[in-house]
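A look at the structure
The lines below spell out each chain.
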Amino acid sequence: MESDPVFPRLIALTRAGFEPECAQELEHELAARGGSGYAQTQRDSGFVLLHVQDAPQRRLRVRELIFARQLLPLRASFEALDPKDRVAPILAEVKASGVMLSDVWVETADSPAGEQMRAFARSFESAMATALKREKRLDARSTHRLHLFAHSGTQIDLCIATHAETAPWKGGIPRLRFPSESPSRSTLKLEEAFLVLLDEDERARWLQAGMTAVDLGACPGGWSYQFTRRAMRVIAVDNGAMADSLMATGLVDHVRADGFRFQPQKPVEWMVCDMVEQPIKVAERMATWLREGWCRRTIFNLKLPMKKRWPEVQRCFASMREAVPFDLDLRAKQLYHDREEITVFAACA
Ligand SMILES: C[S@@+](CC[C@H](N)C(=O)[O-])C[C@H]1O[C@@H](n2cnc3c(N)ncnc32)[C@H](O)[C@@H]1O
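It should be emphasised that the depicted structure is a prediction, and the values quoted were computed from it without experimental measurement. (Residues numbered from 1 in each chain as written. Predicted model: local features only at pLDDT ≥ 70, side-chain atom pairs only at ≥ 80, totals over all residues. Heavy atoms only, no water.)

As a further point, take the nonpolar core. In terms of nonpolar packing, the biggest core is built from 53 residues, with L216 and M320 touching the most fellow members. It is helix α9 (residues 279-292) that contributes the most residues to this core, seven residues altogether. Each of two domains, domain 1 (9-172) and domain 2 (187-348), supplies a minimum of three residues to this core. Beyond its immediate sequence surroundings of up to four residues, L216 is in contact with V237, G259, F262, M271, V272, C273, D274, M275, M286 and W289. Counting 26 residues, the second largest nonpolar core, distinct from the first, contains A193, F194, Y225 and F345. (Core = buried A, V, L, I, M, F, W, Y, C linked by side-chain atoms within 4.5 Å. Buried < 20%, exposed > 50% of the residue type's maximum accessible area, 1.4 Å probe, protein only. Helix = DSSP H or I, 4+ residues; strand = E, 2+ residues; numbered from the N terminus. Domains from an automatic or database assignment. Contact = heavy atoms within 4.5 Å.)

This is the structure we're talking about:
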């Protein structure tokens with residue numbers, strides 16, 4: 001067993017194939033907070049290990065990272081657990097920590113190797129929960145959770161973290177049910193964006209019946225559906241065909257026009273954009289909407305190039321900040337339902 005409190009390590013879970021971007025972002029954000037360290041990763045593993053050498057002045061938060069879905073402070077690594085008794089060494093480490101736990105999650109990478117571990121993770125999680133209960137280490141009021149990141153049945157990383165500093169879903173992936181009334185599966189992308197990029201209070205205040213959203217590149221209407229299901233009005237801009245079911249709600253005004261030229265007649269609460277285009281072109285158009293006050297807030301996708309994805313994200317954000325003469329609240333995540341893209345929320349701060 002290896003444990004090193006002097007040089008803390010963090011595990012970041014990411015989309016398989018995006019480990020280099022996740023590593024670049026972690027090193028960049030660590031340095032931006034006055035810390036230093038280096039990231040270690042393997043292509044397609046679905047995770048990055050960040051070695052922190054000089055602690056940052058402000059902690060890294062998963063909510064503030066784009067390519068990390070979950071971020072866990074690594075307390076101990078078990079490299080060769082005995083399959084006959086995996087529980088005892090983990091329990092000993094938990095007792096040594098002196099921390100009471102709300103519950104235990106066994107998490108795996110979102111990768112082919114991680115996929116193979118799902119059944120083990122489920123059964124080991126219930127074995128661990130039983131042992132923790134027996135040893136009186138569980139208290140539902142505790143703010144700390146035990147996270148066990150399973151590389152294999154014998155290699156497991158142990159992390160103890162507060163609920164506030166981690167993603168509130170196992171592996172940082174909200175499991176969403178596809179609503180059968182939606183015209184397309186990409187509805188899940190906007191639903192996930194509302195969950196991941198906004199907090200509960202913001203969702204309650206900003207997604208209210210009677211509000212209006214412009215949906216650029218709307219057809220067939222999966223994103224528009226997220227608004228109509230909340231009794232919000234939608235101006236759907238696209239030359240394609242909107243689903244009849246959405247038009248039948250009476251809440252959708254379908255405008256056949258170019259989404260890069262369209263302007264609303266009066267300001268709206270939301271503008272969302274799912275047009276597939278050069279990321280910088282999309283970013284510039286989103287900045288124009290905010291600068292001109294055509295919308296209060298926006299959620300949009302940036303389709304990333306094959307190479308230099310992280311620099312491209314930075315270029316888009318820099319261009320938006322330069323184009324808008326006030327502070328921008330910019331939040332972004334590569335969502336579970338995203339592929340070669342990220343989803344961004346932007347508003348005037
Ligand atoms: C990925 S699909 C959108 C899917 C939609 N968000 C949904 O959930 O059903 C992209 C859409 O953008 C539209 N589009 C692409 N360029 C556009 C433009 N310049 N103006 C308007 N629509 C555009 C396409 O016609 C297509 O329907």
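Here the narrative resumes.
We now examine helix α5 (residues 187-197). Among the eleven residues of α5, ten are classified as buried, and the element is accordingly described as predominantly covered. Inspection of α5 places T187, L188, K189, L190, E191, E192, A193, F194, V196 and L197 among the buried residues, and these make up the whole buried set. Its buried side turned inward, α5 meets α6 (200-206), α7 (222-228), β11 (268-273), β12 (295-303), β13 (328-333) and β14 (341-348).

A word on the sheet that holds strand β3 (residues 47-54). Pairing is mixed across the open sheet formed by seven strands, whose spatial order is β2-β3-β1-β4-β7-β6-β5. Unpaired on one side and paired on the other, β2 (36-41) and β5 (104-107) mark the two borders of the sheet. Between one strand and the next, the sheet's axes are offset by a mean angle of 35 degrees, whatever the strand orientation. Bridge count between strand β1 (residues 9-13) and strand β4 (residues 70-78): five bridges; the pairing is antiparallel. Across the sheet, residue L10 finds its bridge partner in β4, namely P73. Relative to β4, helix α2 (residues 87-97) is tilted by about 110 degrees, and along the sheet it contacts β4, β6 (144-150) and β7 (156-162). Taken strand by strand, helix α4 (residues 118-134) contacts β5, β6 and β7, and its axis lies near 155 degrees from that of β5. (Pairing = 2+ DSSP bridges. Axes fitted to C-alpha atoms, helices over the stretch in contact; angles between N-to-C directions.)

Our focus in this paragraph is the confidence of the model for the protein. The predicted model of the protein averages 95 in pLDDT, with 98% of residues at 70 or higher. Low pLDDT (under 50) marks residues 1-6, which in the prediction has twelve contacts with non-local residues, meaning those over four places away or in another chain. (pLDDT = per-residue confidence, 0-100.)

Attention shifts here to the packing of aromatic side chains. For the coordinates displayed, the defined rule picks out eleven aromatic pairs. Centroid distance W270 to F345: 6.2 Å. Interplanar angle 65 degrees. Geometry classified as edge-to-face. Pair noted here: W270 is in strand β11 and F345 is in strand β14, with a separation of 75 residues, a long-range link. Each member of the pair, W270 as well as F345, is classed as buried. (Phe/Tyr/Trp six-rings, centres within 6.5 Å; stacked < 30°, edge-to-face > 60°.)

On to the pattern of salt bridges, then. Following the criterion strictly, the structure yields 22 salt bridges and no others. We note a salt bridge from R69 to D110, for which the minimum N-O separation is 2.8 Å. Residue R69 is found in the loop between β3 and β4, and its partner D110 is found in the loop between β5 and α3 (112-116); the two are separated by 41 residues along the sequence. Among the residues examined, D110 registers a relative accessible area of 22% and is labelled partly exposed. Close ionic contact of D139 with R141 constitutes a salt bridge, the shortest N to O distance being 3.0 Å. (Salt bridge = Lys/Arg side-chain N within 4 Å of Asp/Glu carboxyl O.)

At the junction of C219 and P220, the peptide bond is cis and its omega measures out at 5 degrees in the coordinates. Looking at the element boundaries, P220 is found in the loop between β8 (212-216) and α7. Positive phi is not limited to glycine here, since D44 has a value of about 65 degrees. By the element assignment, D44 lies in the loop between β2 and β3. At A231, a position not held by glycine, the phi torsion is positive, near 60 degrees. Structurally, A231 is set in the loop between α7 and β9 (233-237).

To continue, consider the site of the ligand. Close to the ligand lie 16 residues; S184, S186, D238, G259 and D274 are nearest. Within the backbone of G221, a nitrogen or oxygen atom sits 3.1 Å from an oxygen atom of the ligand. The fraction of the free accessible surface of the ligand (610 Å²) that becomes covered by protein chains is 73%. A per-class count over the shell around the ligand returns seven nonpolar, six polar and three charged. (Near = heavy atom within 4 Å. Polar contact = N/O pair within 3.5 Å; in protein donor to acceptor, adjacent residues only side chain to side chain. Areas by Shrake-Rupley, 256 points an atom, 1.4 Å probe, with all protein chains shown as cover. Nonpolar A, V, L, I, M, F, W, Y, C, P; charged D, E, K, R; others polar.)

Another point: α9. Between its first and last C-alpha atoms α9 spans 20 Å; for 14 residues at 1.5 Å apiece the expected length is 20 Å, and the two agree. Buried within α9 are the following residues: P279, I280, V282, A283, R285, M286, A287, T288, W289 and L290. Buried residues in α9 make contact with β8, β11, β12, α10 (309-323), β13 and β14. At the C-terminal side of α9, G293 shows a positive phi close to 75 degrees. (Expected span 1.5 Å × (residues − 1).)

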